[in-house]
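# Results of the structural survey
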There are 4 protein chains.
Amino acid sequence: MDKKSEILQAAIKVFMRENYQNMKTAIIAKEAGVAEGTIYRYFKNKKEIFVEILNYYSKYIPEYLFENIKQKNDFETNLNILIDNYDKLSKEHKNFKKAYYKGLSEIEDERIKNILKFTLEDSFKRLENIFIWANNKKEGNFTKTSIEVITNTLWGLAEVIMKKEILGCEDVMEKDEISKMVKLIIKLK
Amino acid sequence: MDKKSEILQAAIKVFMRENYQNMKTAIIAKEAGVAEGTIYRYFKNKKEIFVEILNYYSKYIPEYLFENIKQKNDFETNLNILIDNYDKLSKEHKNFKKAYYKGLSEIEDERIKNILKFTLEDSFKRLENIFIWANNKKEGNFTKTSIEVITNTLWGLAEVIMKKEILGCEDVMEKDEISKMVKLIIKLK
Amino acid sequence: MDKKSEILQAAIKVFMRENYQNMKTAIIAKEAGVAEGTIYRYFKNKKEIFVEILNYYSKYIPEYLFENIKQKNDFETNLNILIDNYDKLSKEHKNFKKAYYKGLSEIEDERIKNILKFTLEDSFKRLENIFIWANNKKEGNFTKTSIEVITNTLWGLAEVIMKKEILGCEDVMEKDEISKMVKLIIKLK
Amino acid sequence: MDKKSEILQAAIKVFMRENYQNMKTAIIAKEAGVAEGTIYRYFKNKKEIFVEILNYYSKYIPEYLFENIKQKNDFETNLNILIDNYDKLSKEHKNFKKAYYKGLSEIEDERIKNILKFTLEDSFKRLENIFIWANNKKEGNFTKTSIEVITNTLWGLAEVIMKKEILGCEDVMEKDEISKMVKLIIKLK
DNA sequence: AATGAATGAGGTTTCATTCAT
DNA sequence: TATGAATGAAACCTCATTCAT
């Protein structure tokens, strides 16, 4: 791993533990085992570090969420993998959400906005593909409209579940409950 | 309006325009037409101001969203009012979301967490009521499970639409599209 | 004296002793008996302090140099006052030159350039007046050209003398020598 | 050209463009096409570079100004060459003045003071020679005093013209005007 | 001899908070 | 109760200099 990544990983660690304002350059430097000045050889300023954290997750999350989801798989397999991935993601990587929420709260910055927008649209496209592939293989018969309904609904559901988990609500759904709901939702027309 | 409210309103105005870090006490004081020191007669510190902004919206938003939704209305009327309210809210009050996202990004603060949690749970309860009332009036026949499915799905959809709007995505749904989707979703069992 | 002036005077003191780079805000604050932050209530940044130092001298120096030189005085009196003033200035205020030279070395800054330019032109105008008044009173008969020659020559002489003094050259002229030279120069046509 | 000279020339280039504070070692290194560390093989520290820049110009400027001025030339020829040289110098090498002014503003450094002092005295000596030679050849009859008057006046005039040019004043003298003034000045006694 | 990544002291600047009036 | 000038800790960032390679 090169030094820039080391610093970025240290910054992520600090960011997750503290928050943006408490993400002091001094602490990042200490965590990364470098001098403060070294940070500035790799990042123009502190904001840039945050942007790269966001960037990192913006690539990492969809990669993780859609891992192993492939055109050649049959529809149901892909669906099950998706639910599995989501379940693992929501359990193991709860913290990454903070980066998104922080990003969303600073949305007037065009670059941040674009990162978040791109990630969202990219994820929606990948999600839609699952249904388009199903159509192609005659495993499903989803109209353009129903795909829109289903993807938005599924994604929304995921947001809600995640938020409830983060907030420690009591009625968070378990994996098999989620699974049942997804089965219902894909019948929406 | 008392002085504390004046300061809070000024703070909200500044927060919406800028963000938390740029919400300088000097600017709030100027906007509120008071001296900087005066702020500290009404708020212990700056964080307290943010907490109260969050509090304000935590009451305001559900109030707005569920305005005129009443037990005595029939089911369809309530649903239409809800969609109307949401549509207005998302158009007129886009900015309030920033406060939530900022709040979510500082979730390790127990008080902030509790405010957000309470609001979410409160809103879900109000949403569920619509379906429970429908059952009571024999206008619907929603099982406990289907109410859970429907409320989570609807709320999730709302989140997605709002996020897409904030990020300036192109495929944001219009009110009648949303309406159609809601009609579909309430059939989920 | 108000606080801004106090800080400025402290800054001048430090600037004269050290130089621009060693004119640390911490030292200025200490010298002025205020906190570092206080400086920034009165000056936007450190450069601004230097600009105001330059501004201060840009007003102070011509004021000093042309003090008591008046239209009603006869020509010779004005000339003698000028030589006197110059002599005192060069003896008592040698240090102010550092500010000018520092200014000249940063001439790409438009504001600094303008301050220096204005001062120079202002001083030349005041110097020319002495000769114009003499004409008006029939005490002299200086053509436009000869006034130009004389003022430039006199001013240049002053610059040279000052520079030699600053550099500690041995052949610096004494007041009566200067006086004799001035008497010669005003005969230039 | 050896490496030290390359670095020095690069430093001069940077210094003329920027100013001392913006004359970053990183930029000098880049401009010279060497590594930053290499600079420290040839110069003890950054100040040393500036001292050598001053040194360079302290030799270069008199060399340029008095080029082709020789004992064997007749008085008027030397005078014309001088005016020519000055004219070219002031047009082509305006920037070098910045180094002098910067030097003058840091005059408490003994080495810098001495460089500037030596240059000034050296130039005055060369200037005086022109008149001494004229005496020797019976082309003129300048007393010791009049030589002093004339050299100081001429030099001062040159300073004023240069300063007005640098500051962008409008009444800067053209070459033939200067020439006429010089003709007048050499008649001073 | 040359490199250039790494250093870290120390500078400027910010701004929430205080407190004498 | 209200003020707002003053505070000063602490943040970010710079850049001349070093030193292992």
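Residues numbered from 1 in each chain as written. Chains lettered and ligands numbered in written order. Predicted model: local features only at pLDDT ≥ 70, side-chain atom pairs only at ≥ 80, totals over all residues. Heavy atoms only, no water.

It is worth spelling out the overall build of chain A at this point. In terms of helices and strands, chain A carries nine helices and zero strands. Listed by position from the N terminus, the elements making up chain A come as α-α-α-α-α-α-α-α-α. Expressed as a percentage of the 189 residues in chain A, the buried residues total 53%. Long-range contacts, defined as pairs at least 24 residues apart, comprise 67% of the intrachain contacts of chain A with a sequence gap of at least 6. Entry remark: accessible area of chain A is about 9,000 Å², with carbon and sulfur atoms responsible for 49%. Within chain A, the 30 negative side-chain charges are centred at a point lying 3 Å from the centre of the 34 positive side-chain charges. (Helix = DSSP H or I, 4+ residues; strand = E, 2+ residues; numbered from the N terminus. Buried < 20%, exposed > 50% of the residue type's maximum accessible area, 1.4 Å probe, protein only. Contact = heavy atoms within 4.5 Å. Areas by Shrake-Rupley, 256 points an atom, 1.4 Å probe, with all protein chains shown as cover. Lys, Arg positive; Asp, Glu negative; His and termini not counted. Charge placed at Lys NZ, Arg CZ, Asp CG, Glu CD.)

So, on to the side chain of lysine 164 of chain A. Counting through the fold element by element, lysine 164 of chain A comes out in helix H8 (residues 144-167). With relative accessibility at 3%, the residue lysine 164 of chain A sits in the buried group. Sequence-distant contacts of lysine 164 of chain A, defined by excluding residues within four places in its chain, comprise Cys169, Asp171 and Val172 of chain A together with Leu120, Phe124 and Asn152 of chain B.

Here we come to the relation of the copies chain A and chain B. Mapping chain A onto chain B leaves a residual RMSD of 0.2 Å; the transformation is a rotation of 180° accompanied by 0.0 Å of translation along its axis. The transformation just described matches what one would write down for a two-fold rotation axis. Closest to the rotation axis within chain A is the C-alpha of glycine 156 of chain A, separated from it by 1.8 Å. Here 100% of the interface residues in chain A have copies in chain B that are interface residues too; the copies meet face to matching face. (Least-squares fit on C-alpha atoms with pLDDT ≥ 70 in both.)

Residue and element names in this part refer to chain C. The terminal C-alpha atoms of helix H8 (residues 144-167) lie 35 Å apart, and with 24 residues this matches the ideal 34 Å at 1.5 Å per residue to within 8%. Where burial is concerned, most of H8 is hidden: 21 out of the 24 residues are buried. With its phi angle positive at about 70°, glycine 168 sits one or two positions after the end of H8. (Expected span 1.5 Å × (residues − 1).)

With phi around 60°, lysine 138 of chain A is a residue other than glycine that occupies positive phi space. Along the chain, lysine 138 of chain A falls in the loop between helix H7 (110-136) and H8.

Time to look at the interface of chain A and chain B. Contact residues are listed per partner, giving 43 residues for chain A and 43 residues for chain B. Taking both partners together, chain A and chain B bury about 4,000 Å²; carbon and sulfur atoms supply 63% of that area. At the boundary of chain A with chain B, the tally comes to two salt bridges. Glutamate 159 of chain A serves as the salt-bridge partner of lysine 163 of chain B, at 2.7 Å between the closest nitrogen and oxygen. Where chain A touches chain B, the interface holds six residue pairs in polar contact (both at pLDDT 80 or more). (Buried area = accessible area lost by both parts, 1.4 Å probe. Salt bridge = Lys/Arg side-chain N within 4 Å of Asp/Glu carboxyl O. Polar contact = N/O pair within 3.5 Å; in protein donor to acceptor, adjacent residues only side chain to side chain.)

In this section: the interface of chain D and chain C. It is common to give the size of an interface as the accessible area that goes away when the parts come together. Facing the 43 residues of chain D at the interface are 43 residues of chain C. Across the chain D to chain C interface the summed buried area is about 4,000 Å²; carbon plus sulfur atoms make up 63%. Scanning the region where chain D abuts chain C turns up six residue pairs in polar contact (both at pLDDT 80 or more). At the level of secondary structure, the elements contributing two or more residues to the side of chain D that touches chain C comprise helix H6 (96-104), helix H7 (110-136), helix H8 (144-167) and helix H9 (175-185) of chain D. The dominant element in the side of chain D that touches chain C, judged by the number of residues it contributes, is H8 of chain D, at 13 residues.

So, on to the protein's contact with DNA strand F. Contacts to DNA strand F come from 30 residues, most closely from Thr38 of chain B, Thr38, Arg41 and Tyr42 of chain C together with Thr25 of chain D. When atoms of DNA strand F within 4 Å of the protein are split into backbone and base, the sugar-phosphate part holds 67%. At a separation of 3.5 Å, a base nitrogen of DNA strand F approaches a polar side-chain atom of arginine 41 of chain B. Of all elements in the fold, only helix H3 (36-42) of chain A, helix H3 (36-42) of chain B, helix H3 (36-42) of chain C together with helix H3 (36-42) of chain D reach the threshold of two or more residues within the surface near DNA strand F. Among the elements that make up the surface near DNA strand F, the one with the highest residue count is H3 of chain B (five residues). (Near = heavy atom within 4 Å.)

This part takes up the relation of the copies chain D and chain C. Note on the identical chains: chain D maps onto chain C by a rotation of 179° and an axial translation of 0.0 Å, with an RMSD of 0.2 Å. The overlap is high: 100% of the interface residues of chain D also sit at the interface in chain C, so the same surface is used on both sides.

Our focus in this paragraph is the packing of helix H6 (residues 96-105) of chain A against H7 of chain A. Between two packed helices, what matters for the description is the angle formed by their axes and the separation of those axes. Residues and elements named next belong to chain A. Where H6 meets H7, the closest approach of the two axes is 9 Å, and the angle between their N-to-C directions is 130°. With respect to each other, H6 and H7 are oriented oblique. The handedness of the crossing between H6 and H7 comes out as left-handed. For the pair H6 and H7, the contacting residues are Tyr100, Gly103 and Leu104 in the first and Ile112, Leu116 and Thr119 in the second. By residue class, the composition of the contact of H6 with H7 is four nonpolar, two polar and no charged. (Axes fitted to C-alpha atoms, helices over the stretch in contact; angles between N-to-C directions. Parallel < 35°, antiparallel > 145°, perpendicular 65-115°, else oblique. Left-handed = near helix turned anticlockwise from the far one by under 90°. Nonpolar A, V, L, I, M, F, W, Y, C, P; charged D, E, K, R; others polar.)

Taken from the UniProt record, the annotation "DNA-binding region" (unreviewed entry) applies to residues 24-43 of chain A. End-to-end, the C-alpha atoms of residues 24-43 of chain A are 14 Å apart, and along that stretch the chain is 75% helix and 0% strand. (UniProt positions renumbered as here; feature names shortened; annotations may be inferred.)

Nothing in chain B touches chain C, and the closest approach of their C-alpha atoms is 13 Å. If you take every C-alpha in chain B and every C-alpha in chain D, the smallest gap between them is 30 Å, and the two do not touch.

Take the pattern of salt bridges next. Counted by the stated rule, this structure contains 48 salt bridges over all chains. We note a salt bridge from glutamate 52 of chain C to lysine 4 of chain C, for which the minimum N-O separation is 3.0 Å. Separated by 48 residues along the polypeptide, glutamate 52 of chain C in helix H4 (residues 46-65) and lysine 4 of chain C in helix H1 (residues 3-17) bring together distant segments of the chain. What makes lysine 4 of chain C partly exposed here is its relative accessible area of 28%. For aspartate 109 of chain D, the salt bridge is made with lysine 47 of chain D, and the minimal N-O distance between the two is 3.4 Å. In this pair, aspartate 109 of chain D is assigned in the loop between H6 and H7 and lysine 47 of chain D in helix H4 (residues 46-65), connecting sequence segments 62 residues apart. We classify lysine 47 of chain D as partly exposed; its relative accessible area is 27%. In the salt-bridge network here, residues are joined through shared partners; they are Lys13, Arg17, Glu18 and Glu31 of chain A.

Our next topic: the domain arrangement of chain A. Residue and element names in this part refer to chain A. Structurally, chain A comprises domain 1 (1-43) and domain 2 (51-185). Using C-alpha coordinates to define each centre, domain 1 is positioned 29 Å away from domain 2. Contact with domain 1, which involves twelve residues of that partner, is made by nine residues of domain 2. Taken over both partners, the interface formed by domain 1 and domain 2 buries close to 920 Å², and the fraction arising from carbon and sulfur atoms is 73%. Along the contact surface separating domain 1 from domain 2 lie one residue pair in polar contact (both at pLDDT 80 or more). Across the side of domain 1 that touches domain 2, the residue classes tally to eight nonpolar, one polar and three charged. (Domains from an automatic or database assignment.)

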